[in-house]
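Understanding the architecture of this molecule
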Amino acid sequence: MHNFYYFATGPLAWIAFLVFIGGSIWRFRSLLELARRKDSIVFEYMDTKFALRSIVHWLIPFGSRSMKINPTMTVVTFLFHICLFLTPLFVFGHVILWKENFNISWFTLPNAVADIMTFIVIASCLFFLWRRIKLADVKYLTTPLDFIILFIVAAPFISGFWAYHQFPGFATMTIIHIISGEIMLMAIPFTKLFHMFLFPFTRGYIGSEFGGVRMAKDW
Amino acid sequence: MSNYDKWDWDTSKKKVADLSAWRERFPYIEEFRVSHDGEKVAAIVKNEDMEFTVCVQSEDNEPETWENGYDKAWNLQFGPDDRLSALVSDAGEWKVSTDDETWENGYDFIWNMKFNSNGNIAVSAQKELLYSVVNNDTPWENEFSRLTDMVISPDGDKTAAVVESVPVLESEIFKFRQGCYSIAVNGETWDRNFMNVWNPSFSDDSNHIAASVRTSYYDYYIVVDGKTWDKSFSSVWEPRFSPSSIEKSSITAPNGELLNKELHPHNYSVTAPVKRGGKWYLAKDGEIFWDRPYFQLWQQFYSPDGTKIAAIVAPEFGKWTIALDNTPWEIRFSDYLSDPLFSPDGNGVACLFKDKGKWGVAVDGKAWDCLFDMVWQPVFSNNGSHLAVKFKKDGFYHIALNGNIIDEKYDDLANPIFSPDNSSILVRGLQGSSYNRKVIKI
Amino acid sequence: MSEYKSVNEIKKDTKKNESKKIEDRGILNGLEQLTPEKIESVINQVINDETGARLKVYVDTCVHCGMCSKGCHFFLSLNDPKFSPAGKVKQTLWEILRKKGKVSTEFIKDAATVAYTQCNLCKRCAMYCPFGLDVAYVMSVMRRICHKLGVVPLYIQDTAHSHSATMNQMWVKDDEWVDTLMWQEEEAQEAMENLRIPLDREGADIFYSVIGPEPKFRAQLIFQAAVIMNAAHENWTMPSMPGWDNSDMCMFTGDYEMMERLKRRHFESALHLRAKRIVMGECGHAFRSVYDVGNRALGWKMPPIEVVHAIEYYNELFEQKKIKIKKKFDRPVTLHDPCNISRGRGLHEMARNIVNATCSEFIEMTPNREHNYCCSAGGGVINCGPPFKNARVESGKAKAKQLFAAKAKGAEVVIAPCHNCHGGLEDIIHHYGVEMELKFFGDIIYEILELPES
């Protein structure tokens, strides 16, 4: 058990970060290379001003009509993404690991806040699950992989919550938490989770087309 | 251009016509046309009976209308021989009228008046919904259900057009795909049909015709005298024949006619832009000739002796230039490139360009400093040492010679013509109400 | 529509839309000539040679969230998940990429139907997808595949053939074109003495181009344009030879080689006459092809010559006071924003300026401007003809509701500055019994125009 713990927090963590960073770089580079070779025109129309204009509108809650007519989804997705990013970065248990291993540290979230944020992520995942099952148009689009990805995202939060509150079997759950977190990291470059990195480019491109050529808003 | 070398190259200025007299006399005047030699001005007008006719004036005469009046007249043009022709209709019958003499044969409609360099005239014609070509008042024997893209041979003896060789009805899409179009030369169709045929073009000796065709949505070919090249391409543009071998010392008249020409026997070749793998190349007689891929490539053109070839190209997306023997100029233009040509001696290449909304002239890879609101086909002097253009700026027309504005401003202007000895330029233009003919010494 | 509709609610609607038999001979007979090998090779050729990072990113980035659904008037009208933008991608490119081109003829039949008749390529969904994924582009890739397979709805295939043989959309012969212009010129001379439609006038300020259906079916629009141009004392021209038609169904069938040929002819036609700019009639798709799509395909970042849509031109006439009106059009109007010129070129504010300059009472439809609903006819859908007409009109239900709402506020006339929109709205108005009158801006301006002394 201990060995496994050390493996998960040691070599596997290194591997996870390497796969995440290396994989992301590889995916970016391959897409960029493909774009250069076959969609070089895209670069001709990219326009920083209009790209940023679009990105900003879509990063502000209710900044687009799409968000306004889907208020629940808007609130949930914003909270979800914020919590998804901030919680693992600032939760006390993680920062202490950085401190112990690399002697660097930063601001930490009060535990109660971290708890709420974790809860928001889990609840959001349940909401997304509900959408995938209950909303006809979303259900029609949903593939088994979408459920798996949802699970990959939820798992570290559920297990983390479990382990932190020392519910029964928390020791095992801690390892599950670590491994599930590492799985999520490693999954990012190779699954739709990569959308987090592609967002500025897809949004920026359509924003450039709408702003520069179509002279219209895209939000 | 008849008697080009015998034109009046001495009188520095003539007032060919005072158009205020026209304006008083006619309630309706269309655009003015001027003869190549600059001695005559003409326009379609309405006469006292409110019929369409043509009015002509030269230096020594009063404005004079054609005797015949018509229900409609259009397409008034001075031919290369400076005879004046128009398409005219009387009681629904259309004819060609040249210097007020109409052809014998009439049609339900005629259009696309084409001249060869001797002034021979051909038109496309429709009678009772059947289509043919009429060359010098002689119609083809065969008629077709559809006809377009008519061309006349350099010697004027032949005409060719894209025809619907197998009548196909709208909505017969599968029959269409089998191939229902071909080229008819003097009314005789090639023995092969294609899905589409475009851009027929005669060789210099008038004996061969090349065209672009497609046999399916993805098989485009160049076809020469009815036979396709061996290989298909994903798209093609217009084919062009290499010119006949011609003595370098010959003089080219502004209409392209060669004076003092001396033809040598030669083997013709055909070039065409072809698309493969999403990029354009120049192909010659079926094989890739310029191996460098371009984003766009068209309007290839030859030096008069046929030894050099150049084309308008876009080496990169949105950046246009001229490639000479497959080497692009270094300069690039953003908007457009047109009217490229070699100098008569084959040593220079000029073209028009549009860059960031302004027009200009580029010669041998360098742009003139001056930019214009609009500019017309550049004209080389016969020795290739001068280049002149007509351009428009701030509402007025001017002539620029070698990058410098010469002469005054005009309200309307015809293209400049160099004298045979390259010493002067003929300027034909409207100033106020006078149509003037000027010979300007260089 | 509430934010969420449950599966059960939508099931009923789905059933209604299910398995409508395709009776289009272009698609059915085209399928007969296919083999699995041919399908696979054509698909892989298109995917490998003609697409790249864009398609890959679009397909890979989509997180299947369904946010695009409400971007699509098909979905809003039919309540069927198959009609959500991403749902259409699922039925086409996802499957094709997943199976690496090994798909059946049955699949191609359905995919062709989806791509050609269930998407107007209006790009509204790109404004509803958080990532701005362009489903219209994906549908165009599907159409490109179908074009190369020869599986294209008969009517639109026929117009594409017309383009290739005549350089216009309606099989108008060279002589018929000039004859029509002369006829319209003569008719218009009744309104204005010595009015002209100047043919091939070199150096004109305006090269006026129209779409094939104008000389064929709506010649009075050429008449009206001639009167307006003459009233404004414009130095304008129209070409006598092919190149006059700015429309482009080849862009919509996926025949890009032909699209390039058409656009080149059109641009060169204007540039050869040394025209300063091209002014186009009230058409949306033609504008898209000249302003956005065709120029790129030929290698121009922007059109080589300024391209001005009728709305921009009319707006300029009023701003520069080039024409005068007798009095304002006095019936209450509403305005339909055509996708290709509002979302496609941001002309919606200018359109409102014209309405304000010409009409006494204006009632907005909502949503409007960039967020307008397509008329369901655009993107070549109406050009797929009678076999798909009923389905098309049903997908215009959202539009019909908009029209009814504007009518309830008093609007009697719908201004639609686009030919396809006219066709689509006419069918919607008729089918749903909206009972509103349709007009072009040209109709209104002509009606109230004060003719200058000759």
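Structure's up top.
If you're wondering where the values come from, they're calculated on a predicted model, not measured in any experiment. Residues take numbers from 1 onward in each chain, read along the sequence in its written order. Key to labels: chains lettered from A, ligands numbered from 1, both in the order written. Residue-level local features of this predicted model are given only where pLDDT is at least 70; pairs of side-chain atoms are given and counted only at 80 or more, and the full residue set underlies all totals for whole chains, interfaces and linings.

**Remarks on the overall build of chain B**
Starting at the N terminus, helices and strands are each numbered in turn, a helix being any DSSP run of H or I of at least four residues and a strand any DSSP run of E of at least two. In terms of regular secondary structure, chain B is built from two helices and 47 strands. The C-alpha radius of gyration of chain B comes to 23 Å, within 12% of the 22 Å expected for a compact globule of 442 residues. Viewed in the frame of its principal axes, chain B has a C-alpha envelope of about 60 × 55 × 45 Å. Contact definition: two residues whose C-beta atoms, as placed from backbone geometry, lie within 7 Å. A separation of at least 24 residues holds for 41% of the contacts in chain B among residues at least 6 apart in sequence. Only C-alpha atoms enter the radius of gyration, while the globule expectation follows 2.2 Å times N to the 0.38, with N the number of residues.

**Observations concerning the overall build of chain A**
When helices and strands are tallied, chain A shows 12 helices and zero strands. The helix and strand sequence of chain A, counted from the amino end, reads α-α-α-α-α-α-α-α-α-α-α-α. A principal-axis box enclosing the C-alpha atoms of chain A has dimensions of 60 × 40 × 35 Å. For chain A, with 219 residues in total, the buried portion stands at 32%. Long-range contacts, defined here as pairs at least 24 residues apart, represent 66% of the contacts in chain A between residues at least 6 apart. Neighbour density around each residue's C-beta defines its exposure: 20 or more other C-beta atoms within 10 Å make it buried, 12 or fewer make it exposed, and counts between make it partly exposed, where C-beta atoms are placed from the backbone.

**Comments concerning the sheet that holds strand β2 (residues 33–34) of chain B**
Residues and elements named next belong to chain B. If DSSP finds at least two bridges between two strands, the strands pair. With antiparallel pairing, four strands are arranged side by side in an open sheet as β2-β3-β4-β5. Taken across any chain shown, the strands that pair with only one partner, and hence form the sheet edges, are β2 and β5 (64–65). Pairing between strand β3 (residues 40–46) and strand β4 (residues 52–58): seven bridges, direction antiparallel. Across the sheet, residue K40 finds its bridge partner in β4, namely S58.

**So, the interface of chain B and chain C**
Size of an interface: often given as the accessible area lost when the parts come together. Contacts between the two partners involve 38 residues from chain B, matched on the other side by 38 residues from chain C. Counting residues per element, the ones that place at least two in the side of chain B that touches chain C are β6 (72–78), β10 (109–115), β11 (121–127), α2 (173–178) and β35 (336–342) of chain B. Here the residues of the side of chain B that touches chain C sort into 18 nonpolar, 13 polar and seven charged. The nonpolar class holds Ala, Val, Leu, Ile, Met, Phe, Trp, Tyr, Cys and Pro. Asp, Glu, Lys and Arg form the charged class, and all remaining residues, Gly among them, are polar.

**Focus on the pairing of strand β14 (residues 147–152) of chain B**
Residues and elements named next belong to chain B. By the criterion of burial, β14 is predominantly enclosed, with six of the six residues buried. Both β14 and strand β15 (residues 159–164) contribute to a ladder of four bridges, which runs antiparallel. By the bridge assignment, T148 is partnered in β15 with V162.

**Considerations on helix α8 (residues 135–149) of chain C**
Residue and element names in this part refer to chain C. Helix span is expected to be 1.5 Å times the residue number reduced by one. For α8, with 15 residues, the first-to-last C-alpha span of 21 Å sits near the 21 Å given by 1.5 Å per residue. Most of α8 is tucked away: 13 of the 15 residues are buried. Remark: G150 follows α8 within two positions and exhibits a positive phi of approximately 75 degrees.

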